[in-house]
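Structure assessment
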Amino acid sequence: MSQIPSPAEELRLLDSELRRLDARRAVLLTRRAWLVRALQPPPARSAPPAFPALRPETTAPGVQNALLLLGGILLTVAAVAFTLVGWGHLGITGRSLVLGAVTLATLGAPVPLLRRGLRSTAESLAGLGLALTVLDAYALYAVALPRTDGVAYAALASAVLAAVWAAYELAMGAPRRTPEPRTATAAASGIPGIPGTSEPSVAGTGEHPATSGTGPREAAPDSRPDRDISADTDIDTATGTGMGSGTSSGAGRQRATPAVRPSLRLPLPAAVVAAQLPLLLWAVATVAGAHAVTAALLVTAAFDAVLALRTPLKSVRVVAAAGAYGLGGWGTLAAGWLSWTAVGPSAAARAAALLLLAASIALTAAWGTPKPGVATGTATAGGLITVVAFGGVLRTCLPGEWTVPGHLACGIALLAVARPGLPAPVRRGLALASGCVGALAVAWALPVVVITLLGPVGRAGSVWSGAPANARDAVTGGLPWPSDAVTAPLVLALVAAVLVPAVRAAAWRSHALACALTLTWATVFVLPAALELPYVAGLSVHGLTTLALLVSARRAHPSVTAPVLALLTSLSLAFLALASETATLAVLAALAVLFAAAAPRPGLGPVAAPAALGYATALACAAGASLGLQPQHTALLVLIVPVTAALLAARVEDGATTVSIEVTGALAGLLAIALTVTEPAVLATVLALCGVIAAGTAVREDRRAVGYAAGALFVLAAWVRLAAWGVGSPEAYTLPVTAPALLVGTFRRRADTTVSSWTAYAPGLSVTLVPSLFAAWGDAHWSRPLLLGAAALAVTLLGARHRLQAPLVLGGTVLVLDALHELAPYIVQVVDALPRWTPPALAGLLLITLGATYEQRIRDARRVREVLGRMD
């Protein structure tokens, strides 16, 4: 029978077994970690960072062109130096042979270069050859024709050079077409008619493009220099396949492949540049005069315009267009100057002929230009030049004041020329030209309108000085009137009459009608001053204009143009009427009634209503001055306007009209106050009446805030009245404010219990207590401090009774300061009686006491703060 081990022995055995298991676990974990590391793939070695390859900053063709350009320039400079300096030891025959041989060699060098495909090099040598031809022309003049007129020779030489360069370009660029029957399969293989073979070697180099005749694929491009690569592909319009693509679908079809030799690009543009000089130089050489030189410029510009529209080469088009714009603009400016300086009809007619030539060039170019924007601009320029041409002739035939109307008539005639048969860009350009002429004419007449509108303002400095002789004197007031301005009304009327039928687009129709109305108003507005009508007639015209504008604004679609023009006319009329007392009263009364009658109409209220009130205010001031009243008494008449404004604003439903009426009434009230500043008694009355008006306005539910203004006006009225009576006690000024303020605060706290006592009572209490405290500190009597102390004590007790912070703090503070004021003399006497060591001792004792009771005082302060916090 086995013996059961004791607990101690069993515990020892368990511990031994656990230690053995822990050791075995450690071995297994170590082995597992090694196996995990052995099974992981080795980390890949990071490759060294690859530095980016250096990229060239320029392209190979760019370097090539730069080198060729520099080489050509250097050779040209060397040729010039050789021609001018270095051949003095040679005779005439040697000079001609050397320069001619070099020129011919240089001009012939591009031929083999083009055959080898070196086009840029050929262009450089061709440019050098062109420069050498210029030197040949100079050499010919210097050697053989030294006594010939230099300008005439230059004209002939430039014409010859232009022809030679053009012929050279045509000779170098003549195409050579070589019939070459090929099948589609042969095109793919490279040998005509034999599929599957390769292309012959290029230029004898033995290099063969690797092509195969099996399978559909692209044919190798032909690299022969005398062939145009673009000719190797012929699109079959029937099947859409490429004839040179090497597919079997086009086998057996024959075609002639053109072998086109590349041409030069420089000679033709250079020929166009040279062609700009012959006519101009010929005109200068013959001393034909300014007209002939201008004609030469315009004829050359016409040649450039035709060339720019007809030639298919872009480089030639660019040069020709630049010449057309440059010489055409130069010639047009010259012709315009000749027209401006012409002193007779014959000279003006000759200048007009030149201008019409320029206009015909511009219009013809606009007709043929495919770009609508360019065509419109060119047609606009042509139309303006036409107006200047005919206007210049009219200027010499008519008086000076009819110059602008004559040009305007020519501009209007352009609209008749712009018929539907013309291209749309040309019609649009002519219409724009006519509009520009009309705008310039209006700008010429604008100073007359400005003087007529703003000139009467100067009458404000000389009121009722007497009626002037005529309307012009009333407007200018002695200032100079613009010369030749008698036709300004005619110009404005013509533009207004043309504007309405000319603009028919719906998007611009309303703007055109507004502009026409404005121009018509300007015509009638300046007519009395321009014609020097009598003063009364001028007033009548302005008054009838105002009436007509208001009537048209009532009948027409709602617009701001007519009311604004009516207001401007009425303002000018009111200032004009200041010259006479009778006119002033009659005009102001009529304007007030007129605008008051127009105010109820829809859309006119925001302008007409305040205008009527403003003229009524001016009428009240004028009536007071006419009756001989003092300004302070006239203010009582002015107050009729704020009363009327307050009554009207309560009945008007339109918000904008209501605001404008109220603002005008407020301004009239401020004017009444300003008139009574020098008289305090009347000022107090006016302030009180303004307060009554404001209080009446505050009765309306949407104008409750005006009540504050009413209260302020009442307070100011009371203060002014007290000041007028000589009252100096501050309580007389503050108590009328404190009583209503406390009353308002009480009602507010009853309506809203969350309102703090500082908000409800502090303003009213501070208005009286603070000024009274300052007055008490400066008062030597005992009555004011006693009354102030009693009032402060009452306020403090009421605050403590109702647990209100503001009365308690304000009343207590004022009470303590008032008590200190009363005890101050005694404190001073006690301090003087004490020894000098007593104050330091008392200060030290006070500090010790404060330090000893610091904690207790903090606890008491917290309790007081809590008590005050529980108060309302």
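These figures come from a predicted structure and were not determined experimentally. (Residues numbered from 1 in each chain as written. Predicted model: local features only at pLDDT ≥ 70, side-chain atom pairs only at ≥ 80, totals over all residues. Heavy atoms only, no water.)

**Details of the overall build of the chain**
Rules: We count a stretch as a helix when DSSP gives it H or I for four or more residues in a row; a strand needs E for two or more, and each element gets its number in order from the N terminus. Contact definition: two residues touch when any of their heavy atoms are within 4.5 Å. What sets the accessible areas is the Shrake-Rupley method with a 1.4 Å probe; for residues, cover comes only from the shown protein chains.
Scanning the chain from N- to C-terminus turns up 34 helices and zero strands. By sequence separation, contacts in the chain at least 24 residues apart represent 66% of the contacts at least 6 residues apart. Surface exposure of the chain reaches about 49,800 Å², of which carbon and sulfur atoms provide 70%.

**Looking at the nonpolar core**
What counts is decided by this rule: Throughout, nonpolar core names a set of buried Ala, Val, Leu, Ile, Met, Phe, Trp, Tyr and Cys residues whose side chains join them through atoms within 4.5 Å. Here the term buried applies to any residue with accessible area under 20% of the maximum for its type, exposed to any over 50%, and partly exposed to those in between, with areas from a 1.4 Å probe on protein chains only.
Counting 82 residues, the largest nonpolar core has L492, W521, L591, F595, Y615, V686 and L687 as its most contacted members. The residues touching L492, leaving out its near neighbours within four places in the chain, are V442, A445, V449, L519, A522, T523 and V526. Residues A324, A351, A352 and I385 belong to the second largest nonpolar core, which totals 14 residues.

**Section: the packing of aromatic side chains**
In plain terms, the rule: Working definition: rings of Phe, Tyr and Trp (its six-membered ring) pair if their centres are within 6.5 Å, and the pair is stacked with planes under 30 degrees apart, edge-to-face with planes over 60 apart, and tilted otherwise. Here, a charge over a ring is recorded when the distance from Lys NZ or Arg CZ to the ring centre is within 6 Å and its angle to the ring normal is within 35 degrees.
Counted under the stated rule, the structure contains three aromatic pairs. Geometry around W340 places R395 over its ring, the cationic atom sitting 5.6 Å from the centre.

**Some points on the confidence of the model for the chain**
As a reminder of what qualifies: Per-residue confidence from the predictor is reported as pLDDT, which spans 0 to 100.
Residue-level pLDDT values for the chain average 78, and 78% of them are 70 or greater. Counting interchain partners and residues more than four positions distant, the pLDDT-below-50 stretch residues 174-261 has 128 contacts.

**What about the packing of helix α12 (residues 345-368) against helix α13 (residues 372-397)?**
Going by this rule: Fitting a line to C-alpha atoms yields each axis, with helices limited to the stretch in contact; the angle taken between N-to-C directions then spans 0 to 180 degrees. Here is the rule for angles: anything less than 35 degrees is roughly parallel, anything more than 145 is roughly antiparallel, 65 through 115 is roughly perpendicular, and the remaining ranges are oblique.
Between α12 and α13, the shortest axis-to-axis distance is 8 Å and the interhelical angle comes to 170°. Regarding the angle of α12 to α13, the classification is roughly antiparallel.

**Examining the pattern of salt bridges**
Here is the rule: Here, a salt bridge means any side-chain nitrogen of Lys or Arg that lies within 4 Å of a carboxyl oxygen of Asp or Glu.
Applying the stated rule across the entire model yields seven salt bridges. In this structure, the salt-bridge partner of R700 is D702, at a minimum N-O distance of 3.7 Å. Under the relative-accessibility criterion, R700 is labelled buried at 16%. A salt bridge links R703 to D702; its shortest N-O distance comes to 3.5 Å. In this structure D702 comes out as exposed when scored by relative accessible area, which is 52%. Taken together, the shared-partner salt bridges in this structure form one network comprising E662, R700, D702 and R703.

**Brief notes about the environment of V744**
Take V744: it is sitting in helix α28 (residues 730-751). We classify V744 as exposed; its relative accessible area is 56%. As for V744 and Y761, which are separated by 17 residues in sequence, their C-alpha atoms are 8.9 Å apart.

**Remarks on helix α20 (residues 561-576)**
The criterion, for reference: Take the residue count of a helix, subtract one, and multiply by 1.5 Å to get its expected span.
When the terminal C-alpha atoms of α20 are compared, their 23 Å separation across 16 residues agrees well with the 22 Å that a helix rising 1.5 Å per residue should span. The set of residues buried in α20 consists of T561, A562, P563, L565, A566, T569, S570, S572, L573, A574 and L576.

**A closer look at unusual backbone geometry**
Negative phi characterises most residues that are not glycine, and trans characterises most peptide bonds. Positive phi, normally seen in glycine, also occurs at D484, with a value near 55°. Relative to the helices and strands, D484 resides in the loop between α16 (471-476) and α17 (488-502). Look at D484 and you get partly exposed, because its relative accessible area is 39%. Phi angles above zero are rare outside glycine, and E532 is one such case at about 55°. Its place among the elements puts E532 in the loop between α18 (506-531) and α19 (535-555). Its relative accessible area of 45% is what places E532 among the partly exposed residues.

**Comments concerning the side chain of S772**
Applied cut-off: Here a polar contact means two N or O atoms within 3.5 Å. Within protein one must be a hydrogen donor candidate and the other an acceptor candidate, and residues neighboring in sequence count only if both atoms are side-chain atoms.
Inspection of the secondary structure puts S772 in helix α30 (residues 762-777). There is a polar contact of 2.8 Å between the side chain of S772 and the backbone oxygen of T768. If sequence neighbours within four positions are ignored, S772 has contacts with E731, R784 and L788.

**Looking at the packing of α13 against helix α15 (residues 424-454)**
As a reminder, the rule being used: Crossing handedness is defined as follows: a turn of the near helix away from the far one that is anticlockwise and smaller than a right angle gives a left-handed crossing, while the clockwise case is right-handed. Side-chain classes are defined by residue name, with Ala, Val, Leu, Ile, Met, Phe, Trp, Tyr, Cys and Pro counting as nonpolar, Asp, Glu, Lys and Arg as charged, and the others, Gly among them, as polar.
Put simply, α13 and α15 touch, their axes get as near as 7 Å, and they point 45° apart. On the basis of their axis angle, the class for α13 and α15 is oblique. α13 and α15 meet at a crossing whose hand is right-handed. Across the interface between the two elements, P372, A375, T376, A379, T380, G383, L384 and V387 from α13 touch P425, V426, R428, G429, L430, L432, A433, C436 and V437 from α15. A breakdown of the residues in the contact of α13 with α15 according to their chemical character gives twelve nonpolar, four polar and one charged.

**Focus on the environment of V449**
Note on placement: V449 falls in helix α15. Under the relative-accessibility criterion, V449 is labelled buried at 9%. Along the sequence, V449 and P489 sit 40 residues apart, while their C-alpha atoms lie 9.4 Å from each other. Apart from residues lying up to four places away in sequence, V449 is in contact with L492, W521, A522, F525 and V526.

**A word on a nonpolar patch on the surface**
Put simply, the rule is: A patch consists of residues exposed above 30% relative accessible area that lack any salt bridge, with like charges linked at up to 9 Å and nonpolar side chains (Val, Leu, Ile, Met, Phe, Trp, Tyr) linked at up to 5 Å.
Among the surface-exposed residues, L446, V450, L454 and V457 lie close enough to one another that they form a single nonpolar patch of about 330 Å² accessible area. Its place among the elements puts L446 in helix α15.

**Focus: the side chain of T300**
Mapping T300 onto the fold places it in helix α10 (residues 290-310). What makes T300 buried here is its relative accessible area of 3%. T300 has contacts with A275, Q276, L279 and L327, leaving out every residue within four places of it along the chain.

**Re the environment of R784**
Assignment of secondary structure puts R784 in helix α31 (residues 783-802). Sequence spacing of R784 and S772 is twelve residues, and the spatial spacing of their C-alpha atoms is 8.2 Å.

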